[in-house]
Amino acid sequence: MTPTPGKQLPPAAGPDAGRRTVRLDGSAEDDLRGLFGQSTAVFASLAGPAHMVEAANAAFFTAIGGGDRARTGVPIGQLMPELAGQGFLALLDQVYRTGRRHTGRDARILLGTGSAAREAFFDFTYEPRLDAGANVIGVRVIGVETTQVKQAQRLTAEHRALLEQIARQAPLEQVLEGMARTIEDLTPDEVLVSVLLADADGLHLRHGAAPSLPDFYNKAIDGIATGDGVGSCGTAAHRRQMVIVTDIANDPFWDDFRDLAEQADVAACWSTPILARDGSLLGTFAMYHRTPRAPQDTDLALARVFAGTAALAIERHQAEQARLAAEASEKAARKDLAFLLEASTALTSHLDPAHTLERLAAFCAPALAPLCVIDVVDAGRLRRIATAAPSPGAQALLASRLPLYEAGDDAISRVLATGLTEVSRRGPGGPGPTPWHELEVTGYLCVPLLDRGRAFGTMTLLSTGAHTLDGHTIALAEEIARRAASAALNARQYDQRVTLARDLQAGLLLAEVPAVPGADIATYYSPAGEGLDIGGDFYDVFPLADGTWAFMLGDVCGRGAFAATTTALVRHTARAVAPLLAGPDAVVRAVNKALHDRPDSHNTGFVTLVYGHLTPGADGLDIALVRAGHTFPVHLDAGHTARPVACEGTLLGITTDPHLPVHHLRLRPAESLLFYTDGITEARDGSGEQFGEDRLVQALSGGGGHRTAAEVIDRLTHAVREFNDATDIDDDQAALVLTATPPTAG
């Protein structure tokens, strides 16, 4: 920019000589006025064909360079020899000869020669000077320098381009370098621009852009601290004010950087802090000069304008980086959540504790670390239950390293003892030979598997090569270990509960079908669901006096412990009273009385029951039975024709005087009698339709040959399974088949 006359800085004295601190509270209007400048009219009167300078105003002499050029009585071609080669002297000659004026707009002219030459633009008029006789005696030069306006127009266009780049979210480095080059190109005097960016804490400045400064200089000042006396930039950042050092060689702010500045061939530096809207430090904007120099008002305005532009670019960049960081964090969180959800689903899909921990190892390697081992305490000993590695050889090595439960210097033992996660950048260690060196283990993370705060096992992740165990991995590992421990404990509890239910159910059922002379007996039982609850279906066969046998099949209302106690009550009551009472109806009434005599807290649900006595004979089985609200028995004759046996009776546990008639029938050889619970006929297919009694009768009917009691049950259960088609069973299923056998020879 062309210096404005009268605006040079006065020399300073004292310790701050050559330095100024400028406040940053100037308005944008003042900055634009300073950049655009105030145009000044130039005037010169030339005489004769040689264009002798007769008179000129001060603005004319200032525009052409002042100094020894500020004189009259000299031809303008001699005063300004550079005009000859640019066509301006020819235009003067033309006006002088023709007497016609000439006007130029935004005419470009180089003023001065050599390194002192400067580019300028003028609107001008050459008009002839006439004497009294209308003869041309000279030329009058009138003009207005438009250099500053021209530069302001270029500056505005470049500034607009920078703002468009910022709006398009161009990379910050590109915007800052473009800004630096724009200022360097638009400033008449050579200037070197540098932008430094502040760290988040505002205590250090990092390289941002400096396209014309030497690389060694940019590297040397990259990371300088902010503080009073730390060069122009460090001081400006600390004070939050523009700092102007006009002579680096003699300024104490540059004591630590003077040799560096001399190597970079810079002698003056004006630094402006770049501040955010909230006043926080974003960086500094510096203008370097090769020679000691004080700034003009236009320089100060330029610094403020572009410091504001840089602030806009940096804030936009920081906002975009924050947005990208938030998106990345959200994406990572979604990825972590998906990983944990997938792992949780896999860990809870099997109700086997060992399988659960095997899935844990498979999920963690290689997702969290290259190698993983799972160890659990079993009967006071530490057992390696699962390993995961990229190769069978590595997996075998992991399996071969069995830690000792009581080893104090083993990471796994320490974690089991403390219940706290342990992480290290070395192998887990421990006594005896270890495979960690062969596996190239560089670190480990040992996480406890906890049961109510007490460790029952550990999950150990092992790093190899360049892999590292960071805080994110540790957090994920602890969370998945927590979920895996819960899943394993649930699986263990499920297994224990199934075993308990199975054992209790077995105690309520007939352990082994006895051998009854003249009869072939088979039983069937299938619990509902997963077998976690004790069912209410039961059956029994036991001997009485004189070759008679008692049999029963029943269904207790409900499931679980109350059903178990009721089942036990019915069975044991029947077994206890049957030898003492005359007929099956008396036994069933005794059972009904026992149900009514129960305390209210011991469940008051009803019971359906078929109870009877069978006596083997020469030509079959004589059967007397009581049906107390249960499903109808089904008779299957020797020709395999099935039909329900009509016999009435009231269910038990409802009234103290139930209607319990005794029904008598004879089973001839090869004939069968089927007793079953309603879980069979109420089995449903996928559409919700029940199996029903008709399908039961149809499944048993037809076919040829002799059928054993077990074959009758197989035929029935096969039909139910085909109908059910793997749909969950809603109720227990039980069956008892009595088949009369032919008399044995002799």
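Computed from a predicted structure; not experimentally measured.

K.L.:
Just to check I follow, could you spell out the packing of aromatic side chains for this structure?
P.N.:
Working definition: an aromatic ring pair is given by the centre-to-centre distance plus the angle between the planes. Evaluated as defined, the whole model comprises eight aromatic pairs. Ring geometry for Trp254 against Tyr288: centres 6.4 Å apart, planes inclined by 80°, an arrangement best described as edge-to-face. Note that Trp254 is positioned in the loop between strand S10 (242-245) and helix H9 (258-264) and Tyr288 in strand S12 (residues 281-289), a separation of 34 residues in sequence. Both residues of the pair, Trp254 and Tyr288, belong to the buried class. Judged by centre distance (5.5 Å) and plane angle (65°), the rings of Phe691 and Phe723 are edge-to-face. Within this pair, whereas Phe691 is found in the loop between helix H17 (678-681) and helix H18 (692-700), its partner Phe723 is found in helix H19 (residues 709-724), the two being separated by 32 residues in sequence. Of the residues examined, Phe691 reaches a relative accessible area of 3% and is grouped as buried. One cation-aromatic arrangement involves Arg627 over Phe632; the distance from NZ or CZ to the ring centre is 3.9 Å.

K.L.:
Can you help me understand the side chain of His613 in this one?
P.N.:
Following the sequence through the fold, His613 ends up in strand S21 (residues 607-617). Separated by 2.8 Å, the side chains of His613 and Tyr611 make a polar contact. Excluding its chain neighbours within four sequence positions, the residues that come into contact with His613 are Leu544, Thr548, Trp549, Ala550, Phe551, Gly583, Pro584, Asp622, Ile623 and Ala624.

K.L.:
What's the story with the pairing of strand S27 (residues 733-740) in this structure? I'm lost.
P.N.:
Working note: regular strand, side chains alternate between the two faces of the sheet. Counting buried positions along S27 yields eight of eight residues, so the element is predominantly enclosed. Residues Gln733, Ala735, Val737 and Thr739 line one face of S27 and the alternating positions Ala734, Leu736, Leu738 and Ala740 line the opposite face, and both faces are buried. Inspection of the sheet shows strand S18 (residues 519-526) paired to S27 by eight bridges, in the antiparallel sense. Bridging across to S27, Thr523 finds its partner in Leu736. Sheet analysis places strand S26 (residues 672-676) next to S27, joined by five bridges and oriented antiparallel. Across the sheet, the residue bridging to Leu674 is Val737, located in S27.

K.L.:
Help me out: how do you make sense of the packing of H18 against H19 in this one?
P.N.:
Relative orientation and spacing of two packed helices are given, respectively, by the angle between their axes and the distance between those axes. For the pair H18 and H19, the least separation of the axes is 9 Å and the interaxial angle reads 130°. Comparing their axes, H19 and H18 come out oblique. Crossing handedness for the pair H18 and H19: right-handed. Packed against H18, whose contacting residues are Arg695, Leu696, Ala699 and Leu700, the element H19 presents Val712, Arg715, Leu716, Ala719 and Phe723 at the interface. Of the residues contributing to the contact of H18 with H19, the split by class is seven nonpolar, no polar and two charged.

K.L.:
Can you walk me through empty space enclosed by the protein in this structure?
P.N.:
Taking a probe equal in size to a water molecule and rolling it over the atoms shows the remaining empty space. Applying the stated criterion to the full structure yields four cavities of 30 Å³ or more. Of the pockets and cavities examined, the largest cavity occupies roughly 250 Å³. The wall of the largest cavity is formed by 17 residues, among which Phe60, Ile109, Phe122, Tyr126 and Val141 lie closest to the centre. Elements with a minimum of two residues in the lining of the largest cavity: helix H2 (58-63), helix H4 (88-98), strand S4 (102-111), strand S5 (118-130) and strand S6 (136-145). Of the residues assigned to the lining of the largest cavity, the class counts are 16 nonpolar, one polar and no charged. Taken as a whole, the second largest cavity holds about 80 Å³ of empty space. Lining of the second largest cavity is provided by Tyr217, Ile221, Ile224, Val230, Gly231, Ser232, Cys233, Gly234, Trp254, Phe257 and Tyr288. Among the secondary structure elements, those contributing two or more residues to the lining of the second largest cavity are helix H7 (215-221) and helix H8 (231-239). If one sorts the elements of the lining of the second largest cavity by residue count, H8 sits on top with four residues.

K.L.:
For this particular structure, what's the right way to read the environment of Leu651?
P.N.:
Note that Leu651 resides in the loop between strand S24 (642-644) and strand S25 (663-667). We classify Leu651 as partly exposed; its relative accessible area is 25%. Measuring from C-alpha to C-alpha, the distance between Leu651 and Ala628 comes to 4.5 Å, with 23 residues separating the pair along the chain. Setting aside anything within four residues of it in sequence, one finds Leu651 in contact with Phe606, Val607, Thr608, Ala628 and Gly629.

K.L.:
How do you make sense of the sheet that holds strand S16 (residues 441-451) when you look at a structure like this?
P.N.:
Sheets are built from strands that pair by backbone hydrogen bonding, the pairs being arranged parallel or antiparallel. Reading across the sheet, the five strands line up as S14-S13-S17-S16-S15 and stay open at both edges, with antiparallel pairing between neighbours. Each edge of the open sheet carries a strand with a single partner, namely strand S14 (381-388) and strand S15 (422-424). Each neighbouring strand pair of the sheet contributes to a mean axis angle of 15°, computed without reference to strand direction. Strand direction decides the pairing type here: strand S13 (residues 371-378) and S14, joined by seven bridges, are antiparallel. If you follow Cys372 over to S14, its bridge partner there is Ala388. Across the sheet, helix H12 (residues 392-400) is in contact with S13, S14 and strand S17 (454-464); its angle to S14 comes to roughly 170°. Against the sheet, helix H13 (residues 411-418) contacts S13, S14, S15, S16 and S17, and its axis sits at roughly 145° relative to S17.

K.L.:
Is there a simple way to think about unusual backbone geometry in this case?
P.N.:
A negative phi holds for most residues other than glycine; trans holds for most peptide bonds. Note that the residue after Ala365, namely Pro366, is joined by a cis bond; omega there is 10°. Looking at where Pro366 falls in the secondary structure, it is placed in the loop between helix H11 (353-364) and S13. In the Ramachandran plot, Arg240 falls in the positive-phi region, its phi being about 60° despite a non-glycine side chain. Of note in the backbone geometry, Asp546 takes a positive phi value of approximately 60° without being a glycine.

K.L.:
Quick question: what am I supposed to make of the sheet that holds S5 here?
P.N.:
Here five strands make up an open sheet; going across it, the order is S3-S2-S6-S5-S4 and the pairing antiparallel. Strands at the two margins of the open sheet, each flanked by one partner only, are strand S3 (52-56) and S4. When the angles between neighbouring strand axes are averaged without regard to direction, this sheet yields 30°. Where strand S2 (residues 41-47) lies against S3, four bridges are found, and the strand directions are antiparallel. By the bridge assignment, Ala47 is partnered in S3 with Met52. Along the sheet, H4 contacts S2, S4, S5 and S6; its crossing angle with S5, the most-contacted strand, is approximately 15°. On top of the sheet, helix H5 (residues 147-167) reaches S4, S5 and S6; it is set at about 140° to S5, its chief contact.

K.L.:
Just to check I follow, could you spell out the packing of H5 against helix H10 (residues 297-348) for this structure?
P.N.:
The interhelical angle for the contact between H5 and H10, taken along N-to-C directions, is 10°, at an axis separation of 10 Å. Classified by the angle between their axes, H5 and H10 sit roughly parallel to one another. Contacts from Gln148, Leu155, His159, Leu162, Leu163, Ile166 and Ala167 in H5 reach Thr298, Leu302, Val305, Phe306, Thr309, Leu312, Ala313 and Arg316 in H10. Grouping the amino acids of the contact of H5 with H10 by side-chain chemistry returns ten nonpolar, four polar and one charged.

Definitions and cut-offs
- Residues numbered from 1 in each chain as written.
- Predicted model: local features only at pLDDT ≥ 70, side-chain atom pairs only at ≥ 80, totals over all residues.
- Heavy atoms only, no water.
- Phe/Tyr/Trp six-rings, centres within 6.5 Å; stacked < 30°, edge-to-face > 60°.
- Helix = DSSP H or I, 4+ residues; strand = E, 2+ residues; numbered from the N terminus.
- Buried < 20%, exposed > 50% of the residue type's maximum accessible area, 1.4 Å probe, protein only.
- Lys NZ or Arg CZ within 6 Å of the ring centre and 35° of its normal.
- Polar contact = N/O pair within 3.5 Å; in protein donor to acceptor, adjacent residues only side chain to side chain.
- Contact = heavy atoms within 4.5 Å.
- Pairing = 2+ DSSP bridges.
- Axes fitted to C-alpha atoms, helices over the stretch in contact; angles between N-to-C directions.
- Parallel < 35°, antiparallel > 145°, perpendicular 65-115°, else oblique.
- Left-handed = near helix turned anticlockwise from the far one by under 90°.
- Nonpolar A, V, L, I, M, F, W, Y, C, P; charged D, E, K, R; others polar.
- 1 Å grid on protein atoms, 1.4 Å probe; cavity = no way out; pocket = protein on both sides within 12 Å on 5 of 7 lines; lining within 4 Å.
- Points joined across faces, edges and corners; volume = space filled by probe spheres on them.

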